[in-house]
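Tertiary structure, described
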Amino acid sequence: MPVSWRFLSRFSRPLVGVALVLGLSACTSDLPQTTLYPKGTSASLVHDLLQPIFWTAVAVFVIVEGLLVYSVARFRSRRDPKAIPFQLHGNTPLEIAWTIAPAIVLGIIFFLTVSTINAVGDLPKSANAINVRVIGHQWWWEFQYPDLKLVTASDMHIPAGQTVAYTLESVDVIHSFWVPQLGGKTDLIPGHINKGSFSADQPGEFFGQCAEFCGQQHAQMRFHVIADTAADFQAWVKNQQSLPPALAGKAKDGADLFAKIGCAGCHTIAGTNAIGLVGPNLTHFGSRNTIAAGVLANTPDNLRAWLRDPEKVKPGNDMSAFMTTTVKGWGASAGQNIDLLVEYLTSLK
Amino acid sequence: MTTYVGSLHVTERRRYSLMDWVMTVDHKKIGILYIVTAFAFFLIGGIEAMLMRTQLAVSNNTFLNGELYNQIFTMHGTTMVFLAIMPLNVGFGNYIVPLMIGARDMAFPRLNAFSYWLFLFGGLFMYTSFVAGGAPNAGWFSYAPLTEAQFSPTHGMDYWVLGLQLIGIASLAGSVNFIVTILNMRAPGMNFNRLPLFVWMTLVTSFLLIFAFPSVTVAITLLFFDRQLGTNFYLAKMGGDPLLWQHLFWFFGHPEVYIMILPAMGIISEVLPTFARKPIFGYTFVAYSGVAIGFLGFTVWAHHMFAVGMPPIVNIAFSLSSMLIGVPTGVKIFNWIGTLWGGNLNLKTAMWFAIGFIAMFIIGGISGIFLAAPPVDFQITDTYFVVAHLHYVLFGGTILGLFAGFYYWIPKMTGRMLSEKLGMIHFWLVMTGFNLTFLPMHLLGFEGMPRRIYTYHDGMGWDIWNFIETIGVFTIALGVLVFLWNLWISLRAGEHAGNDPWDGATLEWKIPSPPASYNFAVIPVVHSRRPFWDEKYGGHDVTIPWHAEPSAGADGGEHHGRHFHMPSPSLYPAILAFGLLIVMFGLLYMKDLPALDPLPMNPLGIIAGVLVMAYAIAGWQGEVSAGK
Ligand SMILES: [Cu+2]
Ligand SMILES: [Cu+2]
């Protein structure tokens with residue numbers, strides 16, 4: 001990116017904010033998915049390209065709409081609607097000029113676009129990049145850290161300031177991985193492995209959401225990227241790598257129930273017999289922020305609601321049919337059993 | 001054989017029976033059928049839009065559930081593209097093109113009727129899905145593998161695929177008809193340098209369609225094989241590739257954008273000069289930029305796919321071609337403004353809509369440049385920014401252009417003027433509502449709101465804009481109601497239009513409103529680009545020499561006896577289309593009916609349809625050989 005645009009962008013950013021947000025207060029926490037306040041290198045590069053394009057667009061808009069409005073105001077029929085004006089058929093030099101003018105403007109934008117594409121390609125490939133395998137499922141996100149030997153869902157922890165190199169795969173239909181404040185989106189396509197990278201400038205929590213229509217609950221396929229300080233990230237990794245502690249009491253009963261009724265067929269919990277791969281890995285479910293890919297905050301009450309009737313919380317999801325039969329089979333003891341499961345799952349910190 | 005005795009100023013004033021409409025092969029009646037049917041579908045698509053906007057008015061809304069919302073947005077897009085905009089263009093083309101080129105009908109009148117019936121049946125067929133187990137729900141772009149049987153097990157997608165086949169055949173037949181008509185049926189002297197721009201754009205559109213539609217025909221045929229016969233064209237696990245669908249679809253889908261907008265550009269290229277009372281500025285540039293757009297339109301399809309992970313060099317190439325296509329588009333805008341410049345602008349409703357087209361299309365063009373830059377596209381593709389962009393092109397552009405066409409040509413079609421007063425209310429309501437609905441979407445896109453989501457959480461900063469947008473869509477609806485009201489009262493008691501209410505330049509204004517079934521008692525001879533204008537005002541024209549009204553005998557004596565042959569009405573086109581409809585139902589349910597040993601399916605429906613088609617073809621052939 002040419003330095004001058006960087007320079008310009010520093011001054012114009014608030015202006016763009018004003019222009020685009022039309023006076024609405026635009027502090028980042030109000031707009032967790034905005035692209036206009038980038039918080040990472042890759043998103044910033046895009047934003048730097050957006051500046052000149054935006055201002056060119058504004059200029060073109062003002063000039064062309066201005067010409068249009070002016071000619072309507074100036075030449076509207078005032079006296080004799082039947083009067084016949086000068087019958088001008090065209091003006092070739094003028095027309096050639098206004099063919100060339102947009103070509104030049106577009107040529108400049110194209111040049112800037114290509115330099116940004118190259119700049120994104122040239123982002124330093126640090127050797128200590130964190131590798132994450134992102135796997136799309138209808139309708140939740142799985143995050144595998146192959147080097148760290150851990151698997152999680154919905155919350156993607158990364159160390160702030162460090163490059164994250166991710167690969168994108170899908171087990172079913174096409175999804176699209178997008179964290180607006182950190183970078184642009186890339187699709188997850190069955191049979192293809194796409195790659196991308198980003199890094200967060202500062203610690204913080206960034207919202208992401210599936211951006212390619214993927215069926216009934218496409219709207220409810222959210223995730224969060226949580227950028228930790230180096231120390232926090234190390235602590236998180238350590239915790240995620242650990243096995244669940246020994247259980248006692250209700251939590252233990254919950255664990256037995258979990259193993260008995262078939263949850264294990266779809267979910268994995270490390271250190272137990274649960275090795276299912278259909279649903280999210282629950283080994284450290286209690287440490288996550290949301291349930292069912294961002295539909296509900298992860299509280300015991302919400303978890304209870306989810307287990308009692310996942311179909312109501314997120315219609316069409318893959319766990320519904322199983323849960324409906326199970327809860328029906330439990331009859332009167334359903335509440336009790338669900339309490340046990342909640343006890344168990346919340347203990348999986 | 002039906003023989004009409006024509007005289008220049010006689011208009012048939014009779015009420016048509018239902019059978020007259022079903023059997024008609026008159027391009028004008030078929031045009032009206034197209035327009036009325038397509039407008040009905042436009043209203044349905046609009047109702048779907050209102051349902052969606054009601055759901056999205058506030059966060060966490062439960063007015064529609066995800067499944068229903070997805071069906072509705074799929075049918076909204078499909079309806080507006082295939083059942084409203086395209087057939088509205090075809091309807092105006094049908095009515096106006098033969099009049100503009102001084103012809104008595106389309107080249108193939110029966111094929112024309114066949115196209116119409118196929119389009120109607122295709123639309124009804126798709127809508128049957130709502131009551132037959134669920135509408136298609138994978139979006140108008142229907143990305144595989146979501147559309148495969150395992151992810152979309154209802155018959156909705158089958159309805160979509162087979163309905164699109166019907167509509168595709170209708171469109172292809174219609175395009176062939178337009179091309180042959182425009183190439184072969186022009187009045188003497190109507191050379192390509194004099195062809196009205198609406199005819200030019202219809203010609204370009206027809207060629208685009210012929211080259212683009214087969215691509216999606218292949219795509220949906222393969223999808224049907226996958227779904228019903230167990231092939232794996234789009235299934236990665238079995239060696240297929242979902243991206244095949246995207247390439248095939250967008251190879252059609254991008255030219256489709258121009259198929260939808262070029263005719264509307266043609267309309268306003270007629271309306272602007274008429275109401276500016278001067279010729280189009282730079283006729284050749286406008287015509288050839290249309291051709292250029294047509295060619296370039298085939299080189300940009302992958303700009304819909306920047307985010308699928310193509311190598312940077314591919315993205316750069318498609319970025320370049322996409323920006324390139326902005327050049328001929330910009331040229332058109334400048335030429336339209338040049339047409340206004342120095343004119344004596346009669347700001348009638350038709351003119352306002354044409355001006356509105358330019359004003360809104362500028363925005364749609366500019367937002368397109370954002371999307372043509374891949375890095376920016378990575379951020380805003382599949383967000384509401386794209387929804388804004390495409391509606392500024394297709395609503396702000398095409399629909400406003402079509403409304404211009406309505407106000408401009410309805411007097412010709414019906415003999416009645418629409419109310420200007422209601423017209424202005426209609427215009428300003430639609431303009432206000434349109435911008436309320438779609439302007440904030442640009443911002444929502446930048447604020448990260450993805451498309452095609454049936455709900456969103458609060459706290460995203462999206463609430464207020466979504467609420468405003470919902471108000472906007474109901475404002476548009478109010479405007480459209482005013483238009484319907486205008487039609488209702490004006491067609492009964494509107495002012496009489498006379499032949500030439502706007503002091504027009506092209507041939508259709510020379511003949512009565514509505515025209516006689518044979519259009520021209522005497523085929524006119526054309527000496528200039530604005531034959532009728534020059535006939536009226538020859539002296540004012542500075543560059544094109546004035547020619548007198550064609551004198552008797554100038555058209556080779558065809559009018560001497562004033563007898564000419566018009567094709568007679570026929571029921572067979574409708575029957576043929578109906579037969580094809582049965583075939584589609586047969587295909588759709590071939591695996592649901594009890595299988596007929598030894599086949600693994602039941603082909604009876606298909607056979608029944610084929611028999612009906614054979615009967616219709618035989619009857620049709622009989623009429624042709626009998627010289628009707
Ligand atoms: Cu999705
Ligand atoms: Cu396109």
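The coordinates are above.
Worth saying up front: this structure is predicted, and the values here are computed from it rather than measured. (Residues numbered from 1 in each chain as written. Chains lettered and ligands numbered in written order. Predicted model: local features only at pLDDT ≥ 70, side-chain atom pairs only at ≥ 80, totals over all residues. Heavy atoms only, no water.)

**Remarks on the overall build of chain B**
- Along its length, chain B carries 18 helices and two strands.
- Relative to its length of 628 residues, chain B is compact, with a C-alpha radius of gyration of 25 Å against a globular reference of 25 Å.
- Along the three orthogonal principal directions, the C-alpha set of chain B runs to about 75 × 60 × 50 Å.
- Scored against the burial criterion, the 628 residues of chain B give a buried share of 67%.
- Across chain B, the fraction of contacts at a sequence separation of at least 24, relative to all contacts at a separation of at least 6, is 82%. (Helix = DSSP H or I, 4+ residues; strand = E, 2+ residues; numbered from the N terminus. Rg over C-alpha atoms; globule rule 2.2 N^0.38 Å. Buried < 20%, exposed > 50% of the residue type's maximum accessible area, 1.4 Å probe, protein only. Contact = heavy atoms within 4.5 Å.)

**Notes on the overall build of chain A**
- The helix and strand inventory of chain A stands at nine helices and 12 strands.
- Each of the three principal axes of chain A carries a C-alpha extent, and together these read 95 × 55 × 40 Å.
- The buried share of chain A, taken over its 349 residues, is 52%.
- Split by element, the accessible area of chain A, about 15,200 Å² in all, is 63% carbon and sulfur.
- Separation between the mean location of the 26 positive side-chain charges and that of the 25 negative ones in chain A comes to 5 Å. (Areas by Shrake-Rupley, 256 points an atom, 1.4 Å probe, with all protein chains shown as cover. Lys, Arg positive; Asp, Glu negative; His and termini not counted. Charge placed at Lys NZ, Arg CZ, Asp CG, Glu CD.)

**Let's talk about the coordination of the copper ion (ligand 2)**
Residues and elements named next belong to chain B.
- Every protein donor of the copper ion (ligand 2) is accounted for by His-254 (ND1), His-303 (NE2) and His-304 (NE2), and the metal-donor separations fall at 1.5 to 2.1 Å.
- Binding-site remark: the copper ion (ligand 2) is held by donors from one chain whose sequence spacing is H-x48-H-H. Of the two residues, His-254 sits in helix H7 (residues 242-276) while His-304 sits in the loop between helix H8 (283-296) and helix H9 (312-324), which places them 50 residues apart along the sequence.
- Residue class for His-254 comes out buried when judged on its relative accessible area of 6%.
- Assessed through its relative accessible area of 25%, His-304 is described here as partly exposed. (Donors = N, O, S within 2.8 Å, 3.2 Å for Na, K, Ca; no water.)

**Focus: the sheet that holds strand E4 (residues 155-159) of chain A**
All names here are of chain A.
- Spatial strand order, E4-E10-E9: three strands in an open sheet with mixed pairing. With one partner strand each, in any of the chains shown, E4 and strand E9 (204-209) form the two edges of the open sheet. When strand polarity is set aside, the average angle formed by the axes of neighbouring strands in this sheet is 25°.
- Here E4 pairs with strand E10 (residues 222-228) via five bridges, running parallel. (Pairing = 2+ DSSP bridges. Axes fitted to C-alpha atoms, helices over the stretch in contact; angles between N-to-C directions.)

**Quick look at the packing of aromatic side chains**
- Following the criterion strictly, the structure yields 82 aromatic pairs over all chains and no others.
- Between Phe-403 of chain B and Phe-406 of chain B, the ring centres sit 6.1 Å apart and the planes meet at 45°, which makes this aromatic pair tilted. In this pair, Phe-403 of chain B and Phe-406 of chain B are both assigned in helix H13 (residues 384-414), three residues apart and thus about one turn of the helix distant. For the pair formed by Phe-403 of chain B and Phe-406 of chain B, the shared burial category is buried.
- Between Lys-185 of chain A and the ring centre of Trp-178 of chain A, over which it is positioned, the NZ or CZ distance is 3.8 Å. (Phe/Tyr/Trp six-rings, centres within 6.5 Å; stacked < 30°, edge-to-face > 60°. Lys NZ or Arg CZ within 6 Å of the ring centre and 35° of its normal.)

**Focus: the interface of chain B and chain A**
- The interface is formed by 99 residues belonging to chain B together with 89 residues belonging to chain A.
- Around 7,800 Å² of area is buried between chain B and chain A when both sides are counted, 70% of it from carbon and sulfur atoms.
- When the area that chain B buries against chain A is broken down by residue, the three leading residues are Phe-334, Gln-379 and Phe-446 of chain B, summing to 9%.
- Where chain B touches chain A, the interface holds one salt bridge.
- Residue Glu-212 of chain A is joined to Arg-452 of chain B by a salt bridge in which the shortest nitrogen-to-oxygen separation is 3.6 Å.
- If you look at where chain B meets chain A, you find 30 residue pairs in polar contact (both at pLDDT 80 or more).
- Element by element, the count of residues in the side of chain B that touches chain A is highest for helix H11 (residues 349-372) of chain B, at nine residues.
- The class makeup of the residues in the side of chain B that touches chain A is 61 nonpolar, 25 polar and 13 charged. (Buried area = accessible area lost by both parts, 1.4 Å probe. Salt bridge = Lys/Arg side-chain N within 4 Å of Asp/Glu carboxyl O. Polar contact = N/O pair within 3.5 Å; in protein donor to acceptor, adjacent residues only side chain to side chain. Nonpolar A, V, L, I, M, F, W, Y, C, P; charged D, E, K, R; others polar.)

**Section: the pattern of salt bridges**
Residues and elements named next belong to chain B.
- Under the defined criterion, the tally for this structure stands at 14 salt bridges over all chains.
- In this structure, the salt-bridge partner of Lys-28 is Asp-26, at a minimum N-O distance of 3.2 Å.
- Here Lys-536 ties to Asp-503 by a salt bridge, and the two come within 2.7 Å at their closest N and O atoms. Here the residue Lys-536 occupies a position in helix H16 (residues 531-537), and Asp-503 occupies one in the loop between helix H15 (463-493) and H16, the gap between them amounting to 33 residues.
- The exposure class assigned to Asp-503 is buried, which follows from its relative accessible area of 5%.

**So, the environment of Trp-533 of chain B**
- As for its position among the elements, Trp-533 of chain B is in helix H16.
- Measuring from C-alpha to C-alpha, the distance between Trp-533 of chain B and Ser-490 of chain B comes to 27 Å, with 43 residues separating the pair along the chain.
- Not counting chain neighbours up to four residues away, the residues in contact with Trp-533 of chain B comprise Ile-84 and Gln-87 of chain A together with Arg-277, Asp-503, Gly-504, Ala-505 and Gly-538 of chain B.

**Describing the coordination of the copper ion (ligand 1)**
Residues and elements named next belong to chain A.
- Around the copper ion (ligand 1), the donor atoms from the protein are Cys-210 (SG), Glu-212 (O), Cys-214 (SG) and His-218 (ND1), and they sit 2.1 to 2.5 Å away.
- Of note is the copper ion (ligand 1), whose four donor atoms meet at the metal with angles of 86 to 125° in an arrangement that counts as tetrahedral.
- Taken in sequence order, the residues that donate to the copper ion (ligand 1) follow the motif C-x1-E-x1-C-x3-H. Here Glu-212 matches His-218 in class, with each residue buried. (Tetrahedral: all angles 85-135°; square planar, octahedral: opposite > 155°, others 65-115°.)

**Quick word on the nonpolar core**
- Counting residues in each nonpolar core, the largest one holds 269 residues, and the members touching the most others are Phe-177 of chain A together with Phe-370 of chain B.
- When residues in this core are grouped by element, the largest group, 20 residues, is from H13 of chain B.
- Setting aside residues up to four positions removed in sequence, Phe-370 of chain B forms contacts with Leu-50, Ile-53, Phe-54 and Ala-57 of chain A together with Val-376, Asp-377, Ile-380, Phe-385 and Phe-446 of chain B.
- Core analysis: the second largest hydrophobic core is formed by 29 residues, Phe-258, Trp-306, Met-319 and Leu-341 of chain A among them. (Core = buried A, V, L, I, M, F, W, Y, C linked by side-chain atoms within 4.5 Å.)

In short, geometric facts, not functional conclusions.
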